[in-house]
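# Chain and residue survey
Each chain, written out:
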Amino acid sequence: MSLETKYVEFCKGINGLDKIILREVRGCSAEVYLYGGHVTSWKNEHGEELLFVSSKAIFKPPKAIRGGIPICFPQFSNLGSLEPHGFARTKFWTVDNDPPPFPTNSSNKAFIDLILKHSEEDVKIWPHRYEFRLRITLGPGGDLMLTSRVRNTNTDGKSFTFTFAYHTYFHVTDISEVVLLSSEVRVEGLETLDYLDNLKNRERFTEQGDAIVFESEVDKVYLSTPTKIAILDHERKRTFELRKDGLPDAVVWNPWDKKAKTIPDLGDDDYKHMLCVEAACVENPITLKPGEEWRGRQELSAVPSSYCSGQLDPQTAFLCDKFGFA
Ligand code: TA6
């Protein structure tokens, strides 16, 4: 990277909205809108987009941006009286120039700290005072890391409770594609777990068999999930690895063809190129007393896959690569 290249650049995005571009030495990048504290782009060193953003996304308040990484806070979905997925994704965040100390890796130079605080308007619909700090980091190797810190700043002695999700839309080649009876996109790490099925009144079921594959609409909240989940895109020969901390659940969503047609800001065929896998805290909401803080972290990597199906251990993946037994 030349000396002039900026790790962090402030500029204007679609419709003149404030945008921050993070860049790393090897050419990878990420883009973040202050509107929603919303990551809308994550590219690898070849300039390939790794997140899905709808061809019909509306970059205009009060609509949330369809794609990227919406922040669902303080309510996931319609699990409460607020608007679906809460208000954080439709608020204007600000840059936090002086965040409280935070364990950081000194090799990370491309990062931005954002903050969202209650407004008098919000207090009418959610009667609490809070500080939500979000650090978005693009690591030197291209990993994208999001850390959320939510603090209860109520002065009336009251606790508050919330649910949360990083509603990540991964870009996949074609989820509807089936080759040799096997779907081209699959998710590993959620096999045999219990889940709540949003398409069946949130009834509880247990996942069977192997990796999760896709042949119709899916909207499930997997419970007590492991800290690592893999999303394999066979055609693109790419595996996304999602690592998480403080977020026990994982939501998997694809609207498929019929539901996609009912979503105004989603193109009819867009569903083929997206898969939401969301690090979340849904089943057991988080409660904070005044002065308490919660942290929830998500890290994403995109690796070429000769990554072995069934193996989430990076060492095994390395051996698969080296000896070619993917
Ligand atoms: O996370 C899955 C989900 O809650 C689905 O039920 C689905 O409707 C999706 O999120 C999108 O929600 P949105 O409010 O962004 O249209």
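Calculation criteria
- Residues numbered from 1 in each chain as written.
- Predicted model: local features only at pLDDT ≥ 70, side-chain atom pairs only at ≥ 80, totals over all residues.
- Heavy atoms only, no water.
- Helix = DSSP H or I, 4+ residues; strand = E, 2+ residues; numbered from the N terminus.
- Rg over C-alpha atoms; globule rule 2.2 N^0.38 Å.
- Buried < 20%, exposed > 50% of the residue type's maximum accessible area, 1.4 Å probe, protein only.
- Contact = heavy atoms within 4.5 Å.
- Areas by Shrake-Rupley, 256 points an atom, 1.4 Å probe, with all protein chains shown as cover.
- Phe/Tyr/Trp six-rings, centres within 6.5 Å; stacked < 30°, edge-to-face > 60°.
- Lys NZ or Arg CZ within 6 Å of the ring centre and 35° of its normal.
- Near = heavy atom within 4 Å.
- Polar contact = N/O pair within 3.5 Å; in protein donor to acceptor, adjacent residues only side chain to side chain.
- Nonpolar A, V, L, I, M, F, W, Y, C, P; charged D, E, K, R; others polar.
- Salt bridge = Lys/Arg side-chain N within 4 Å of Asp/Glu carboxyl O.
- Pairing = 2+ DSSP bridges.
- Axes fitted to C-alpha atoms, helices over the stretch in contact; angles between N-to-C directions.

Bringing the overall build of the protein into the picture now. A count of helical and extended segments in the protein gives 3 helices and 23 strands. For 326 residues, the compact-globule estimate of 2.2 N^0.38 gives 20 Å, and the C-alpha radius of gyration of the protein, at 19 Å, lies within 12% of that figure. Oriented by its inertia axes, the alpha-carbon framework of the protein measures out at about 60 × 55 × 35 Å. A buried classification covers 53% of the 326 residues belonging to the protein. A separation of at least 24 residues holds for 64% of the contacts in the protein among residues at least 6 apart in sequence. A total accessible area of about 14,700 Å² is found for the protein, and carbon and sulfur atoms account for 50% of it.

The tally for this structure, following the rule as stated, stands at 23 aromatic pairs. When the ring of phenylalanine 52 is compared with that of tyrosine 169, the centres are 6.1 Å apart and the planes differ by 25°; the resulting orientation is stacked. Placement of phenylalanine 52 in the loop between strand 4 (38–43) and strand 5 (71–72) and of tyrosine 169 in strand 11 (residues 169–171) is noted, with a sequence separation of 117 residues between them. Taken individually, phenylalanine 52 and tyrosine 169 each receive the classification buried, so the pair is uniform in this respect. Measuring from ring centre to ring centre gives 6.2 Å for tyrosine 169 and tryptophan 253, while their planes differ by 85°; the resulting arrangement is edge-to-face. Of the two residues, tyrosine 169 is situated in strand 11 and tryptophan 253 in strand 21 (residues 249–254); the sequence distance between them amounts to 84 residues. Cation over ring: lysine 200 sits above phenylalanine 205, and NZ or CZ is 5.3 Å from the ring centre. Positioned over the ring face of tyrosine 195 is lysine 220, at 4.3 Å from the centre of the ring.

As a further point, take the site of the ligand. In the vicinity of the ligand, the contacting residues are Arg66, Phe76, Ser77, His85, Arg89, His167, Asp219, Val251, Trp253 and Glu278. In this structure, an oxygen atom belonging to the ligand sits 3.0 Å away from a side-chain N or O atom of arginine 66. Between the ligand and the protein, one listed contact pairs an oxygen atom with a side-chain N or O atom of arginine 89 at 2.8 Å. Considered on its own, the ligand offers 390 Å² of accessible surface; in the complex 78% of this is hidden by protein. Of the residues belonging to the shell around the ligand, the class tally is 3 nonpolar, 3 polar and 4 charged.

As a working rule, side chains carrying opposite charge can pair if their charged atoms are close by. Evaluated as defined, the whole model comprises 24 salt bridges. A salt bridge links lysine 63 to aspartate 265, with the shortest nitrogen-to-oxygen separation between them at 3.6 Å. Of this pair, lysine 63 sits in the loop between strand 4 and strand 5 while aspartate 265 sits in the loop between helix 2 (256–261) and strand 22 (274–288), and the two are 202 residues apart along the sequence. Taking the shortest distance from any N to any O, the salt bridge between glutamate 120 and arginine 129 comes out at 3.6 Å. Using a relative accessible area of 28% as the deciding quantity, one classes arginine 129 as partly exposed. Through salt bridges with shared partners, one network takes in Asp143, Glu241, Arg243, Arg297 and Glu299.

Sheet architecture is open: 4 strands sit in the order 1-2-3-4, paired in antiparallel fashion. Each edge of the open sheet is held by one strand with a lone partner, namely strand 1 (8–12) and strand 4. The sheet shows a mean angle of 20° between the axes of neighbouring strands, direction not considered. Pairing of strand 2 (residues 18–23) with strand 3 (residues 29–33) involves 5 bridges; the strand directions are antiparallel. Among the inter-strand pairings, isoleucine 20 is bridged to a residue of strand 3, identified as valine 32.

Counting buried positions along strand 9 (residues 144–152) yields 8 of 9 residues, so the element is predominantly enclosed. Alignment of strand 8 (residues 130–138) against strand 9, held across 9 bridges, turns out to be antiparallel. Within the sheet, the bridge partner assigned to phenylalanine 132 lies in strand 9 and is valine 150.

Okay, the sheet that holds strand 14 (residues 185–188) next. On the basis of which strands lie adjacent, the open sheet formed by 9 strands has the order 6-7-8-9-23-20-19-14-17 and antiparallel pairing. Because the sheet does not close on itself, it has two edges, and the strands there are strand 6 (94–95) and strand 17 (212–213). The pairing of strand 14 with strand 17 spans 2 bridges and is antiparallel. Each bridged residue has a counterpart across the sheet, and for arginine 186 the counterpart in strand 17 is valine 213.

What follows covers the pairing of strand 14. Burial along strand 14 is two-sided: the residues Val185 and Val187 and Arg186 and Glu188 are all buried. In this structure, strand 14 lies alongside strand 19 (residues 228–233), joined through 4 bridges in antiparallel fashion. Residue glutamate 188 lies in a different strand from strand 19, and its bridge partner there is alanine 230.

Next up on the list: the environment of cysteine 11. Structurally, cysteine 11 can be placed in strand 1. Filtering out sequence-adjacent residues up to four positions away, cysteine 11 remains in contact with Leu17, Asp18, Lys19 and Ile21.

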